[in-house]
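# Architecture and fold: a report
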Amino acid sequence: AQSVTQLDSQVPVFEEAPVELRCNYSSSVSVYLFWYVQYPNQGLQLLLKYLSGSTLVKGINGFEAEFNKSQTSFHLRKPSVHISDTAEYFCAVSVAGNTGKLIFGQGTTLQVKP
Amino acid sequence: NAGVTQTPKFRILKIGQSMTLQCTQDMNHNYMYWYRQDPGMGLKLIYYSVGAGITDKGEVPNGYNVSRSTTEDFPLRLELAAPSQTSVYFCASSYPSPGGVNIQYFGAGTRLSVL
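My aim in this report is to walk through the structure given alongside it, one point at a time. Keep in mind that what you see is a predicted model, and the values were worked out from it rather than measured.

Moving on to the overall build of chain A. Scanning chain A for helices and strands turns up 0 helices and 12 strands. Taken from N to C terminus, the helices and strands of chain A fall in the order β-β-β-β-β-β-β-β-β-β-β-β. The C-alpha atoms of chain A give a radius of gyration of 14 Å, which matches the 13 Å a tight globule of 114 residues would have. Reported as C-alpha extents along the three principal axes, the dimensions of chain A are approximately 45 × 30 × 20 Å.

Here you go:
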């Protein structure tokens, strides 16, 4: 079975500061890794994904994430955040060929302060 | 470009009432999913479907039923609403992209309160 742990439930940060949202996963088989963002009262939007190859993946809105197989982590980073980045962020995994079912972490609320 | 459409957006139910949450997608995706989102718990899979006429249980199926008579529609049925079903429900659809990974697209959600 797979599981995902997001290590911080809330991350407050000032505008233009860098931010890292941490995600660890557990799986006995290879997985695909995702970060989704949920703006207030909206559905989830895909930020980025890791399928294979380069361990550094870039997504929308200036976000990037690094896959670390030895530490089973997939942390999300942005060098300079904006007020508009205030949202909830979800890390998720799926197993190849398994109907695409996603297993989500608990979510991290990013609050960007002016 | 509608994508995944969920109705209603909000609903209040009394204990024991029944209702159907509607989900339709216009992307011709074979795979569809229902999740529930509870505070601090992330999203949990309720049911999923890999095509018309084929459904299967997810992690938290108790108290819910689904059907998939067409590719476009995947309704979720609550037969006897309970307070524990107060949640935000998300429908998603996906297709297998090159490499075999399914990219899921989400609807805007239905916020349900059972009182």
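When helices and strands are counted, chain B shows 0 helices and 11 strands. What you see in chain B, going N to C, is helices and strands ordered as β-β-β-β-β-β-β-β-β-β-β. Projecting the C-alpha coordinates of chain B onto the three principal axes gives extents of approximately 45 × 30 × 25 Å. Going through the 115 residues of chain B one by one, you find that 47% of them count as buried. A separation of at least 24 residues holds for 54% of the contacts in chain B among residues at least 6 apart in sequence. Split by element, the accessible area of chain B, about 5500 Å² in all, is 53% carbon and sulfur. Within chain B, one finds 9 positive and 7 negative side-chain charges whose respective centroids are separated by 9 Å.

Across the boundary between the two partners, chain A contributes 21 residues, which contact 22 residues of chain B. Carbon and sulfur atoms make up 60% of the surface buried where chain A meets chain B, a total of about 1600 Å² over both sides. Linking chain A with chain B are 0 salt bridges. Linking chain A to chain B there are 5 residue pairs in polar contact (both at pLDDT 80 or more). Across the side of chain A that touches chain B, the residue classes tally to 9 nonpolar, 9 polar and 3 charged.

Our next topic: the state of the cysteines. All chains considered together, the criterion is met by 2 disulfides over all chains. Two residues, C23(A) and C91(A), share a disulfide whose sulfurs are 2.0 Å apart. Residues C23(A) and C91(A) are joined by a disulfide whose S-S torsion is about -70°; by sign, that bridge is left-handed. Remark: C91(A) occurs in strand β10 (residues 87-95) and C23(A) occurs in strand β4 (residues 23-26); sequence separation between them is 68 residues. The class for C23(A) is buried, based on a relative accessible area of 0%. Of the residues examined, C91(A) reaches a relative accessible area of 0% and is grouped as buried. The residue that forms a disulfide with C23(B) is C91(B), at a sulfur-sulfur distance of 1.9 Å. Taking the sign of the S-S torsion, about -70° here, the bridge from C23(B) to C91(B) comes out left-handed. Residue C23(B) is found in strand β3 (residues 19-25), and its partner C91(B) is found in strand β9 (residues 87-96); the two are separated by 68 residues along the sequence.

What counts and how
- Residues numbered from 1 in each chain as written.
- Chains lettered and ligands numbered in written order.
- Predicted model: local features only at pLDDT ≥ 70, side-chain atom pairs only at ≥ 80, totals over all residues.
- Heavy atoms only, no water.
- Helix = DSSP H or I, 4+ residues; strand = E, 2+ residues; numbered from the N terminus.
- Rg over C-alpha atoms; globule rule 2.2 N^0.38 Å.
- Buried < 20%, exposed > 50% of the residue type's maximum accessible area, 1.4 Å probe, protein only.
- Contact = heavy atoms within 4.5 Å.
- Areas by Shrake-Rupley, 256 points an atom, 1.4 Å probe, with all protein chains shown as cover.
- Lys, Arg positive; Asp, Glu negative; His and termini not counted.
- Charge placed at Lys NZ, Arg CZ, Asp CG, Glu CD.
- Buried area = accessible area lost by both parts, 1.4 Å probe.
- Salt bridge = Lys/Arg side-chain N within 4 Å of Asp/Glu carboxyl O.
- Polar contact = N/O pair within 3.5 Å; in protein donor to acceptor, adjacent residues only side chain to side chain.
- Nonpolar A, V, L, I, M, F, W, Y, C, P; charged D, E, K, R; others polar.
- Disulfide = S-S within 2.5 Å.

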